[in-house]
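Topology and contacts: notes
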Amino acid sequence: ARTRAFLCQNKFYLILGSVLTLQCAARKLNACLYVRRLRFTERAIAIQKQWRSYHAWCMYQNTIFLVVWCQRFWRGGKVREKFIAIKQYRSAISIQSAWRSFEFQQCHKQMRSASITIQCFRRVCVSTRILKQLKREAKDVQSIVMERDKLRSEMRRIKRELEQAKNGHMD
């Protein structure tokens, strides 16, 4: 009986060990399958996460590109408007400068013509005055010459009369 009990007990422990080994192997298999499913799920989740991240990054880059392009286009339009305004302003300045130069040249020509006319008038006045003075002086010289000639002729007449008187006295 003791032996039988010992054998039964040994057999029980052996069966218990086998059952425990089988249970352990089954649990291990279940755990491996579970872990494998988890790994596949985790990998799928990681792949999905990476894909979503990549897709979100692409969308973000596209959005940034569009925003930068729109801003650049808007700023370019504004800069072009400013450039056109500056170009018109510079053109207006150059036109005004050319107009002022033209007006100044016209005014200068008129003033030069007026000053030449005034100078000519002044010269004519001075020349006329000098001519009158010269004519007066010429008249004075002519009158002196005439007076001299008159005195000479009178002196000749007086000399003739004197000679006639001397000759008449002497005769």
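Cut-offs applied
- Residues numbered from 1 in each chain as written.
- Predicted model: local features only at pLDDT ≥ 70, side-chain atom pairs only at ≥ 80, totals over all residues.
- Heavy atoms only, no water.
- Helix = DSSP H or I, 4+ residues; strand = E, 2+ residues; numbered from the N terminus.
- Rg over C-alpha atoms; globule rule 2.2 N^0.38 Å.
- Buried < 20%, exposed > 50% of the residue type's maximum accessible area, 1.4 Å probe, protein only.
- Areas by Shrake-Rupley, 256 points an atom, 1.4 Å probe, with all protein chains shown as cover.
- Lys, Arg positive; Asp, Glu negative; His and termini not counted.
- Charge placed at Lys NZ, Arg CZ, Asp CG, Glu CD.
- Salt bridge = Lys/Arg side-chain N within 4 Å of Asp/Glu carboxyl O.
- Patch = residues over 30% accessible without salt bridge, like charges linked within 9 Å, V, L, I, M, F, W, Y side chains within 5 Å.
- Phe/Tyr/Trp six-rings, centres within 6.5 Å; stacked < 30°, edge-to-face > 60°.

Description of the overall build of the chain
- Of regular secondary structure, the chain possesses one helix and zero strands.
- By the compact-globule yardstick of 16 Å for 171 residues, the chain is too spread out, its C-alpha radius of gyration being 71 Å.
- Based on the C-alpha atoms only, the size of the chain along its principal axes is roughly 240 × 25 × 15 Å.
- When burial is assessed residue by residue, the chain has 1% of its 171 residues classed as buried.
- Element-wise, carbon and sulfur atoms account for 64% of the exposed surface of the chain, whose accessible area totals about 16,800 Å².
- Within the chain, one finds 36 positive and 11 negative side-chain charges whose respective centroids are separated by 55 Å.

Focus on the pattern of salt bridges
- All chains considered together, the criterion is met by three salt bridges.
- The partner of Glu81 in a salt bridge is Lys78, and the shortest N-O contact between them spans 3.9 Å. Placement of the pair is Glu81 and Lys78 together in helix H1 (residues 2–170), with a separation of three residues, close to one helical turn.
- Assessed through its relative accessible area of 36%, Lys78 is described here as partly exposed.
- Taking the shortest distance from any N to any O, the salt bridge between Arg148 and Asp149 comes out at 3.5 Å.
- Given the relative accessible area of 41%, Arg148 is considered partly exposed.

What to know about a nonpolar patch on the surface
- Taken together, the side chains of Trp51, Tyr54, Trp57, Tyr60, Ile64 and Val68 make up a nonpolar region of the molecular surface, amounting to roughly 660 Å² of accessible area.
- Position of Trp51 among the secondary structure elements: in helix H1.

Things to note about the packing of aromatic side chains
- One pass over the full model with this rule turns up five aromatic pairs.
- Look at Phe12 and Tyr13: their rings are 5.9 Å apart centre to centre, the planes differ by 55 degrees, and that puts the pair in the tilted class.
- Tyr13 sits in the partly exposed class, given a relative accessible area of 47%.
- Between Trp51 and Tyr54, the ring centres sit 5.9 Å apart and the planes meet at 40 degrees, which makes this aromatic pair tilted. Remark: Tyr54 and Trp51 occur in helix H1; sequence separation between them is three residues, near one turn of the helix.

Digging into a positive patch on the surface
- A cluster of basic residues, Lys132, Lys135, Arg136 and Lys139, forms a positive patch on the protein surface.
- A residue is classified by how much of its surface remains accessible, and Arg136, at 52% relative accessible area, is exposed.

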